[in-house]
Amino acid sequence: MCGIIGYIGDKQAQPILLSSLSRLEYRGYDSCGIAVSSSGIEVYKDAVRVAELAKALLQLDGTVGIGHTRWATHGEPSQVNAHPHLDCNGNIAVVHNGIINNFQRLKRQLIGEGHNFVSETDTEVIPHLIEKHYDGNLEKAVEAALRDVEGSYAIIVLMAGEPKLVAARKDSPLIIGIGDRENFVASDVPAILDYTDRVIYLEDGDIGVVTPDSIKIRRHGKEVQREEHKISWSVEDAQKGGYEHFMLKEIREQPKVIRDTLGGWVSVAEPAVDLAVMRGGLESMLILACGSSYHAASIGKYIVEELLSIPVRAEPASEFNYFTWTLAKTGAIAITQSGETADTLKAIRRLKGVGCPVLAITNVVGSTASRIADQTIYTRAGPEISVAATKSFTAQLMVLYWLALSYSKVDIRRLADLIMGLRQLPGKVQQVLDNEDIILEYANYLSRYKDVFFIGRGINFPVALEGALKLKEISYIHAEGYAAGELKHGPFALLGSDTPVIAIVAQDNTREPMLTNIREVKARGSPLIAVAEEGDEAIKELADSVITVPRVDALFSPVVNTVALQLLAYYTAKYRGCPIDFPRNLAKSVTVE
Ligand code: G6P
């Protein structure tokens, strides 16, 4: 959601804050701001991107400061609603990620006590509460203020004349970066990678007091120790490396990501985790996630059902949280790239609360999901910066394939074939990437349309959903993913020469009905692009155009098909001149419900 950064050390804070904010923009980018403290606090903020703020900014003198990139929840993106927010006297500045649920009541109360508010945000109550409780000790005032607050928060507090940063979290991520005569506080690792690879993950309820050479963490008024972690991501991993967009870099990294993610496991006889649900101790499986991770979960359903023959339900975590659910003998997997998606975390907590074992699949070491789940498997995708998920999705699929194969009930020959097929996937994905010229051509063609349908069947139905999601989120073309057989139950009314249909054709039992669906679409006059395996000659007769993908076992077809659709979405958005890495209204990490 929002990105936050704090710096305290022996250097000028402003350039460090701005550079860290630019690394955090993927968390939110409708406005941004910084506050720097020397004799007093100076704040500069606006409804602009970080680069524009940096251009407009005068040199603010000071070696301690905080910064924020915003993804608006309360109040439109505007200068006054941008963070940092201040108390009445402008002595206390706060940046916040999360939502204060009871802010309206607190605001009324504080106004009644004489406090002046200027913004529409929920955040603004925090500096006023700290001001109200301050009696000479900042951390105690923060602690008292947070006792009044209901909701989620990661905050950094700066006070004039106090050479320290006070940081606190509940249900929103926050880390402390350890430097040499300088320290950092941030919502996410990429923000501080230029300066340090040593981090401490704060836990819910922690209050960190950070000076240039000390870090003290308090919890319920007592000092606690937190482990230091070393980050293995490099600065280069989090930079564009010559690519125009992070998204293209991340798409192209997928062969390596597959190798790295699979590389941790030697043989299927050595399962990545000991999972009761996979061993047969439980009767069904639930896979929960949001966004693209939910599409990976939906593909996971087909993989696990085919290889393990147990019933699996894949559900968006945001919906699952409101189901009446009978949980007997179910094991759960929660998939989340960031490990911080609010709905997914809520689902994990709910499941754990009723004794259901949860395995988290996440890309971020030390993320909240990894800490609250019973077990965790890490994808090895490296930092994913572009808002639209690409390589993290593929890495999630790799974990699902490997897990299912580890516990598979298929015969030994089929198992050997599948393992071989999995090991060949980096090369197959590379072939898709090498075929991008043809995809570029179709992207150019697609970029002129307003509405597009993606259709798939079976394990490629979620691929159609993911293909449509990629296209709509970065190119702003209205795109719908549909189960191919359902198209005739309504969407046919929309088909015609101005509505292209992209059909994903797999070499499994869905192929024949899919060819029928393609004929039906063609009869309604829609231009049809097929994504099909090389050597499928029949499809060339039927479709207007074909994006060919290399031959793989149908179980792995979602991988090559999705990569082709990622490229199609990327180049379509590029032809349309869209801000690909930072689509409007979106954020990489959605830490509110
Ligand atoms: C946001 C991102 C998506 C992502 C989804 C779930 O909407 O823009 O790319 O798929 O959140 O995120 P998670 O970190 O839980 O996988």
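A. Representation of the pairing of strand β12 (residues 206–211). With six of six residues buried, β12 lies mostly within the body of the structure. Both faces of β12 are covered, namely the face carrying Asp206, Gly208 and Val210 and the face carrying Ile207, Val209 and Thr211. Of the pairings in the sheet, the one linking strand β8 (residues 165–170) to β12 comprises four bridges and is antiparallel in character. Its bridge partner lying in β12, Ala168 is registered against Ile207. Inspection of the sheet shows β12 paired to strand β13 (residues 214–219) by six bridges, in the antiparallel sense. If you follow Gly208 over to β13, its bridge partner there is Ile217. Hairpin connection of β12 to β13: two residues between the antiparallel strands.

B. Fine view of the sheet that holds strand β11 (residues 198–201). Pairing is antiparallel in the open sheet, where eight strands are placed in the order β3-β2-β4-β1-β10-β9-β11-β15. Of all the strands in the sheet, the pair left with one neighbour each is β3 (41–46) and β15 (228–230). Neighbour to neighbour, the strand axes of the sheet diverge by 20° on average, direction disregarded. Both strand β9 (residues 175–178) and β11 contribute to a ladder of three bridges, which runs antiparallel.

C. Structural context of the side chain of Glu131. For Glu131, the position within the fold is in helix α4 (residues 125–133). Buried and unpaired, Glu131 has no salt bridge, with Lys132 as the nearest side chain of opposite charge at 11 Å. Polar side-chain contacts of Glu131 include one of 3.2 Å to the backbone nitrogen of Cys88. Glu131 has contacts with Asp87, Cys88, Asn89, Ile92 and His115, leaving out every residue within four places of it along the chain.

Cut-off values and rules
- As a convention, each chain's residues are numbered from 1 in the sequence order in which they are written.
- Residues qualify for local features only when their pLDDT is at least 70, as the model is predicted, and side-chain atom pairs are given and counted only at 80 or more; totals for whole chains, interfaces and linings, by contrast, use all residues.
- The side-chain quantities take in all heavy atoms of the structure and omit both hydrogens and water.
- Burial here depends on accessible area, computed with a 1.4 Å probe over protein chains only, as a share of the maximum for the residue type. Under 20% is buried, over 50% is exposed, and the range in between is partly exposed.
- Helix and strand labels come from DSSP, where a helix needs a run of H or I of at least four residues and a strand needs a run of E of at least two; each type is numbered from the N terminus.
- Here a strand pair is declared whenever DSSP counts at least two bridges between the two strands.
- Think of each axis as a best-fit line through the C-alpha atoms, taken over the contacting stretch in the case of a helix, with angles from 0 to 180 degrees between the N-to-C directions.
- Counting rule for charge: Lys and Arg are taken as positive, Asp and Glu as negative, and neither His nor the chain ends is counted.
- The working definition used for a salt bridge is a side-chain nitrogen of Lys or Arg within 4 Å of a carboxyl oxygen of Asp or Glu.
- Polar contacts, as used here, are pairs of N or O atoms within 3.5 Å; protein pairs need one atom able to donate a hydrogen and one able to accept it. Residues neighboring in sequence count only if both atoms are side-chain atoms.
- For this analysis, residues touch if any pair of their heavy atoms sits within 4.5 Å.

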